Amino acid sequence: MSLYAPQFNQLILGIPEVGLQTYEYFDDAQGLRNRAKADFMASRSTQPDIAYPLLEWAPLEETVELLSLLGKVASDVDGFSDIEREAYQGTIDYRRREAEFLLMARDLNRPETPDFTNAIYNFQERNEELYGRPDQALIDATVVEIRGKIGQKGYKGYTQDIFDEVQETLTSLTSGNESEGLPRLTDDTEAFLKERIEAFFWPEREAVARTRAIMEDEGETAFDPYRLMQVFMRGLQTRDQLDEVGVFLKSGSFLSWSQKREGVEIGRDRAVLESDGDAFGITVHEGGVHKERFINGRASSIPIFGNGLIIPAGPQVQATSLPFEEGIANMYQELANGKNEGWTMANFTYLLNTAMAYKGLTYRGIYDKNWKLRTLMMAEDGTEVTPKEMQKAQRLAYDSTLRVHRGTPIARMAVDEAVATYNKDLAYQVGRVQALDFWNQHVGNDTMFEFLLAGKFDPTNPRHLAIAHAATGGKYVNAGR
């Protein structure tokens, strides 16, 4: 007997697997992860030895079975419109394939896997199917942007040697085709978005100010993880959302939105934030964009709208809502904290690292190229990079190189000269380009600003847009189709 639409919608709200995030399964005991980094940075190891215990502990087969069953049920729900059925079937099927990808990652990391070559093939094929490959046109545009930033400085000594090596690296990544570089916000768009961010996210701004006042009374100058937790909690309290989502301290140094836990996770080892602007920016990103889209989408008439739509709509169109969401979240964060620096190394690093992996560079090779490029990006005109700056660049390079290799047995890959990457972080730069172009076209549209927070969708995907209008009952019709 099939379910009726209201029953199925209620059922979805209690199944966190429909918002499965593969990166959450690549976590590790932070002490072991820190030790691997220290050994690598001190050249005690040539490649970091990283383990993924959650792949062994998690009931992945059961997750695949659950999502398979859920997809079959969704196809037979009584009372669904074609649009509703499309939203559920496309999104649930994608999550099922992500769960299968985690099984492939588990097999790849097991020493007893009999056919390592075939395990690599399966992993990488599904990885690219889900998250794409590095886009050559975007690589070419990125190289133009980087050369414009580093080519105008008068380097000295060893820094000049680094510059020459980096130029060779950049050339090796390009196709040779001309590129105009990367887009930017117009002045009008930047002013409009800053105004809208301040107006909409006033509870988050107020939460920062209230926490700062308490910190000053206690003689504290920076937002540590505990104080950031208070900022997020106060924002939720003002919006009356404490019963809907949470804020959690966990091991590690990352701060991110977790759909599985339905809240913001803050690593206890996270670096402190010195300024109110930085605290406001990260709160807008995680406790604003990601959280608002989650809550509003799940409160709509199509609850999976809050977990992220994944609907193909033809070539050159993103199937998943992730890139656009990360694009606006990062852009809003920069505008909120008053540090709209344009394109930076933080925007480039995952695309470049993945592109270098596809060229056959090992972890050590990518790390080496990455930190050298970072030193040039942070160098002052006419000076030589200091040892302190080089050490900072190396720490950051290690972290960003690790991200594009998550889920793979890195140490073994180098021995077998195999290539496998985790391409999900390609979404950040793709999404930033999307967000910039989109807002330059829609500057001044107040309705659009709120519409984009109504759920997790990509407005440049026509199928997403149709589902978003159906889920919100035409409330945002002035935002256009």
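Residues numbered from 1 in each chain as written. Predicted model: local features only at pLDDT ≥ 70, side-chain atom pairs only at ≥ 80, totals over all residues. Heavy atoms only, no water.

**Q** Can you explain helix α20 (residues 462–471)? Please cite residues and give values.
**A** Note on helix geometry: an α-helix contains 3.6 residues per turn, so any two residues three or four positions apart are oriented the same way. Within α20, seven of the 10 residues are buried, leaving the element largely enclosed by the surrounding structure. Among the residues of α20, His464, Leu465, Ala466, Ile467, Ala468, His469 and Ala471 are the ones counted as buried. Of the surrounding secondary structure, the elements contacted by the buried residues of α20 are α5 (82–109) and α19 (446–451). The distance from a side-chain oxygen at the start of α20 to the backbone nitrogen of Arg463 is 2.9 Å, and the residue carrying that oxygen is Asn461. A positive phi of about 65 degrees marks Gly473, the residue just after α20. (Buried < 20%, exposed > 50% of the residue type's maximum accessible area, 1.4 Å probe, protein only. Helix = DSSP H or I, 4+ residues; strand = E, 2+ residues; numbered from the N terminus. Contact = heavy atoms within 4.5 Å. Polar contact = N/O pair within 3.5 Å; in protein donor to acceptor, adjacent residues only side chain to side chain.)

**Q** Tell me about the nonpolar core, residues and numbers included.
**A** Among the nonpolar cores identified, the biggest contains 135 residues, and Ile150, Phe201, Tyr332 and Trp439 are the most heavily contacted of them. Per-element accounting of this core gives the leading share, 10 residues, to α5. Those residues in contact with Trp439 that sit more than four places away from it in its chain are Thr189, Phe192, Leu193, Ile328, Met331, Tyr332, Asn445, Met448, Phe449 and Leu452. (Core = buried A, V, L, I, M, F, W, Y, C linked by side-chain atoms within 4.5 Å.)

**Q** Pulling in residues and values, what's your account of helix α10 (residues 202–217)?
**A** Between its first and last C-alpha, α10 extends 23 Å over 16 residues, near the 22 Å set by a 1.5 Å rise per residue. Those residues of α10 lying buried are Pro203, Glu204, Ala207, Val208, Thr211, Arg212 and Met215. Those residues of α10 that are buried lie in contact with α9 (187–200), α11 (225–238) and α12 (276–298). (Expected span 1.5 Å × (residues − 1).)

**Q** Could you give an account of a negative patch on the surface, naming the residues involved and the relevant values?
**A** On the surface, Asp161, Asp164, Glu168 and Glu384 cluster together to form a negatively charged patch. Mapped onto the elements, Asp164 comes out in helix α8 (residues 158–173). (Patch = residues over 30% accessible without salt bridge, like charges linked within 9 Å, V, L, I, M, F, W, Y side chains within 5 Å. Areas by Shrake-Rupley, 256 points an atom, 1.4 Å probe, with all protein chains shown as cover. Salt bridge = Lys/Arg side-chain N within 4 Å of Asp/Glu carboxyl O. Lys, Arg positive; Asp, Glu negative; His and termini not counted. Charge placed at Lys NZ, Arg CZ, Asp CG, Glu CD.)

**Q** Tell me what's going on with the packing of aromatic side chains, and back it up with residues and numbers.
**A** Summed over the entire model, instances satisfying the criterion amount to 27 aromatic pairs. Look at Phe305 and Phe457: their rings are 5.6 Å apart centre to centre, the planes differ by 45 degrees, and that puts the pair in the tilted class. Residue Phe305 is located in the loop between α12 and α13 (322–336), and its partner Phe457 is located in the loop between α19 and α20; the two are separated by 152 residues in the primary sequence. On the basis of relative accessible area, Phe305 is assigned to the buried category, the value being 0%. Taking relative accessible area as the criterion, Phe457 reaches 0% and is therefore assigned buried. Each member of the aromatic cluster is reached from another via a ring pair, and the members are Phe192, Phe200, Phe201, Phe324, Tyr332, Phe438, Trp439 and Phe449. For the cation-ring pair, Arg261 lies above Phe248, with the distance from its terminal atom to the ring centre recorded as 4.0 Å. (Phe/Tyr/Trp six-rings, centres within 6.5 Å; stacked < 30°, edge-to-face > 60°. Lys NZ or Arg CZ within 6 Å of the ring centre and 35° of its normal.)

**Q** I'd like a description of the environment of Thr354, backed by residues and values.
**A** For Thr354, the location among the structural elements is in helix α14 (residues 345–358). Classification of Thr354 by relative accessible area gives buried; the value is 1%. For the pair Thr354 and Tyr332, spaced 22 residues apart in the sequence, the C-alpha separation amounts to 25 Å. In this view, Thr354 contacts Pro134, Val404, Thr421, Asn423 and Leu426; residues no more than four positions away in its chain are not counted.

Read these as geometric descriptors, not functional statements.
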